[in-house]
Amino acid sequence: DPLAVNAMRMGYDYGGLSISAVQTKLAIGYPRAARIVNWLVDNGYVTPNSIAGKKQMILPKEEFEEKFGNNG
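Residues numbered from 1 in each chain as written. Predicted model: local features only at pLDDT ≥ 70, side-chain atom pairs only at ≥ 80, totals over all residues. Heavy atoms only, no water.

Just to check I follow, could you spell out the packing of helix H1 (residues 4-14) against helix H3 (residues 30-42) for this structure?
Taken N-terminus to C-terminus, the directions of H1 and H3 make an angle of 75 degrees; their axes are 10 Å apart at the nearest point. One finds that H1 runs roughly perpendicular with respect to H3. Counting all contacts with H1, which are made through Ala4, Ala7 and Met8, the residues of H3 involved are Ile36, Trp39 and Leu40. For the contact of H1 with H3, the residue count by class is 6 nonpolar, no polar and no charged. (Axes fitted to C-alpha atoms, helices over the stretch in contact; angles between N-to-C directions. Helix = DSSP H or I, 4+ residues; strand = E, 2+ residues; numbered from the N terminus. Parallel < 35°, antiparallel > 145°, perpendicular 65-115°, else oblique. Contact = heavy atoms within 4.5 Å. Nonpolar A, V, L, I, M, F, W, Y, C, P; charged D, E, K, R; others polar.)

Spelled out as structure tokens, the structure:
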């Protein structure tokens, strides 16, 4: 999903990801937000379990910037 990179950037900016945050910040429905977050979990970018309601980023931000760029 093209919004996955935006969701990841959001995870770094907000200290983690939740489906509801992705849904709200990216203005998308719950099913698409859940697919994005589940894809990020399945591909090892975020933790499968939540801490304080947020899944934590696994990929270091520096690696993220190298792989996906830093301007969206």
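Hey, could you run me through the nonpolar core in this one?
Note that soluble globular proteins tend to have their nonpolar side chains buried in a common cluster. By size, the foremost hydrophobic cluster in this structure holds 22 residues, and its most contacted members are Met8, Leu17, Val22, Ile28, Ile36 and Leu40. Counting residues per element, the ones that place at least two in this core are H1, helix H2 (19-25) and H3. In contact with Ile28, not counting residues within four places along its chain, are Leu3, Val22, Gln23, Ala33 and Ile36. (Core = buried A, V, L, I, M, F, W, Y, C linked by side-chain atoms within 4.5 Å. Buried < 20%, exposed > 50% of the residue type's maximum accessible area, 1.4 Å probe, protein only.)

Even after reading the chapter, I still don't get the packing of H1 against helix H4 (residues 61-68), so can you show me in this structure?
It is the contact of H1 with H4, at a shortest axis distance of 11 Å, that shows an interaxial angle of 155 degrees. Compared by their axis directions, H1 and H4 come out roughly antiparallel. When you trace H1 past H4, the crossing you get is left-handed. Taking contact as the criterion, the partners of Val5, Met8, Arg9, Tyr12 and Asp13 in H1 are, on H4, Lys61, Phe64, Glu65 and Phe68. Split into classes, the residues belonging to the contact of H1 with H4 amount to 5 nonpolar, no polar and 4 charged. (Left-handed = near helix turned anticlockwise from the far one by under 90°.)

Before we go on, may I ask you to explain the environment of Ser20 in this structure?
For Ser20, the location among the structural elements is in helix H2. Look at Ser20 and you get partly exposed, because its relative accessible area is 46%. With 10 residues separating them along the chain, Ser20 and Tyr30 place their C-alpha atoms 7.3 Å apart.

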